[in-house]
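Okay, here's what each chain looks like letter by letter:
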Amino acid sequence: MKTALLAYQYGMGNSGDFAINIGSLDLLYEYYDQMIIISKFTKSDTEFEIDKEYLNKYYKNIEVIEGPFKLDRSNIVGTVSNYISGLVKYPFLLVSASYNKKFKDAEVVFLNGGNLLRCNSMTDYIRLFALIFPLRLAKRNSIKYILLPQSTTSINMLGLKLLDPYLNSANTVYAREQLSKDRLEQYFPKSNIEISLDTAFFIKDREIVKSKYKKKYPHLSIKKNNVCLTLRKEDIGDIGELSLEKRHKINESIEKLINLLIEDKYTVTFVIQSKKDKEFTTHVYNKFSSCTDVNLVEEYDPLILREIYRNSTCLIGMRLHSLILAMSAGTPVIGYFDQKWGHKNPGTLGQYKMPYGFIDQDPDLHSFLVNSFENKEIMLIEIEKTKNKLRSSLQESI
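Just so we're clear, the structure is a prediction, and the values are computed from it rather than from any experiment.

Draft legend 1. Quick peek at the overall build of the protein. In terms of regular secondary structure, the protein is built from 17 helices and 14 strands. Relative to its length of 398 residues, the protein is compact, with a C-alpha radius of gyration of 21 Å against a globular reference of 21 Å. When the backbone C-alpha atoms are referred to their principal axes, the protein occupies close to 65 × 45 × 40 Å. Residues counted as buried form 60% of the 398 residues belonging to the protein. When the accessible surface of the protein is totalled, it reaches about 16,200 Å², and 52% of it is carbon and sulfur. For the protein, the distance from the average position of its 54 positive side-chain charges to the average position of its 48 negative side-chain charges is 4 Å.

Shown next as structure tokens:
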């Protein structure tokens, strides 16, 4: 049986991150019979068993093993403590018999996709040590490795020096969007970097999930002209929050948008798909809670979320993976971002001709609806074209 190893598997606390897992697995199972997955979590983390149980429901021949480090970023103090602890363990893990055996069982090692290739601080630098651990073990065991679609922002000299030998030795480094590809080629001119798209676009339709959605949300499945909203107040990497000024601008823009949508006879559904968004989303929703045309849904299963977005007229979102889940299901989108969040947001939506605006520019989000609807067919064609291109490239790489 053909076996591949995927590192790392993200947790369900952020359904957008977990969507990357599912998309990566759905893609890789087109080429491999069984998968070994290294979790982001250790066995002492409650998330480890929850995520493992979920994956075992949908995939056969899958082995989920605990991660070598605690990569939890729920608070800054804990994050730094976990990273330092990981650095102390690092030399011993590199010679760990159990981890080396798992790598030797795999034909190819894949680093999971995401916004991983960034380094602006010492905390980022320590985080990168953990992230390249699977690449170091692959290299040590002379196993081919591939970086699934990545985004980047800025990388300082320390980060460049750390990453350079590993990206140069990778069989292929896939970029999630053209802006990241251009930047990565500047940083790593000797690396084999190819344009692709986020692996969450490869999530497959599942009839069992469609049935679950209809049973769980019968009121949504019969709505017409429903617009979904995903809000966010966290900064990049979900570490820290946007300024009070920016949060105030988000409040004003969303309130204006909802009033205009209601005038146009749309219903509106706020969707909480990351636990960190719950407080802020609920705060904005409460201003409209007495309105029967405005609803609130809290859902962390990316497969169910994809059905929610599939059955919507449009998604207006601040979470990239809410937008990707919607587009992957054929629903047009509008993005609403902070410019400091990097290339992944404008790059992804621009690639598929979907409109977006930035918080600081006070965009009229309502006016973007027509453009979003008009470009739906272009979006679908371009997504399918890019998916097929990645499949062809991956077939050659492995």
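Okay, back to it.
Draft legend 2. Structural view of helix H11 (residues 244-263). In this model, H11 (20 residues) spans 29 Å end to end at C-alpha, consistent with the 28 Å of a helix rising 1.5 Å per residue. Every buried residue of H11 is listed here: Lys246, Arg247, Lys249, Ile250, Asn251, Ser253, Ile254, Leu257, Ile258 and Leu261. Lysine 265 sits one or two residues past H11 and shows a positive phi near 70°.

Draft legend 3. Representation of the environment of arginine 118. By secondary structure assignment, the location of arginine 118 is in strand S5 (residues 114-119). When its relative accessible area of 7% is taken as the criterion, arginine 118 is described as buried. Sequence spacing of arginine 118 and isoleucine 155 is 37 residues, and the spatial spacing of their C-alpha atoms is 5.1 Å.

Draft legend 4. Structural context of unusual backbone geometry. Cis geometry marks the peptide bond from alanine 7 to tyrosine 8, where omega comes out at -5°. Assignment of secondary structure puts tyrosine 8 in strand S1 (residues 3-9). Phi at lysine 265 takes a positive value of approximately 70°, unusual for a residue other than glycine. As for its position among the elements, lysine 265 is in the loop between H11 and strand S10 (267-272).

Draft legend 5. Region of the structure containing the packing of helix H4 (residues 97-104) against helix H6 (residues 133-140). Contact geometry for H4 and H6: axes closest at 10 Å, N-to-C directions at 70°. In this view, H4 runs roughly perpendicular relative to H6, as classed from their interaxial angle. Two secondary-structure elements touch here, H4 through Tyr99, Asn100 and Phe103 and H6 through Pro134, Leu137, Ala138 and Arg140.

Draft legend 6. Structural detail: the pairing of strand S13 (residues 333-337). With respect to burial, S13 is a largely interior element, 5 of its 5 residues being buried. With 3 bridges joining them, strand S12 (residues 314-317) and S13 adopt parallel strand pairing. Among the inter-strand pairings, leucine 315 is bridged to a residue of S13, identified as valine 333. Taking the sense of rotation as the criterion, the β-α-β connection linking S12, helix H14 (residues 320-328) and S13 turns out right-handed. Relative to strand S14 (residues 356-358), S13 runs parallel, the two being bridged by 3 bridges.

Draft legend 7. A look at the pattern of salt bridges. This model, assessed by the stated rule, comprises 22 salt bridges. Between aspartate 124 and arginine 127 there is a salt bridge, and its shortest N-O distance comes to 3.8 Å. Linking aspartate 124 with arginine 127, this pair stays in helix H5 (residues 122-131), spanning 3 residues, or about one helical turn. When sorted by exposure, aspartate 124 lands in the same class as arginine 127, which is buried.

Reading guide: rules and limits
- Residues numbered from 1 in each chain as written.
- Predicted model: local features only at pLDDT ≥ 70, side-chain atom pairs only at ≥ 80, totals over all residues.
- Heavy atoms only, no water.
- Helix = DSSP H or I, 4+ residues; strand = E, 2+ residues; numbered from the N terminus.
- Rg over C-alpha atoms; globule rule 2.2 N^0.38 Å.
- Buried < 20%, exposed > 50% of the residue type's maximum accessible area, 1.4 Å probe, protein only.
- Areas by Shrake-Rupley, 256 points an atom, 1.4 Å probe, with all protein chains shown as cover.
- Lys, Arg positive; Asp, Glu negative; His and termini not counted.
- Charge placed at Lys NZ, Arg CZ, Asp CG, Glu CD.
- Expected span 1.5 Å × (residues − 1).
- Axes fitted to C-alpha atoms, helices over the stretch in contact; angles between N-to-C directions.
- Parallel < 35°, antiparallel > 145°, perpendicular 65-115°, else oblique.
- Contact = heavy atoms within 4.5 Å.
- Pairing = 2+ DSSP bridges.
- Right-handed = clockwise from strand over helix to strand, strands pointing away.
- Salt bridge = Lys/Arg side-chain N within 4 Å of Asp/Glu carboxyl O.

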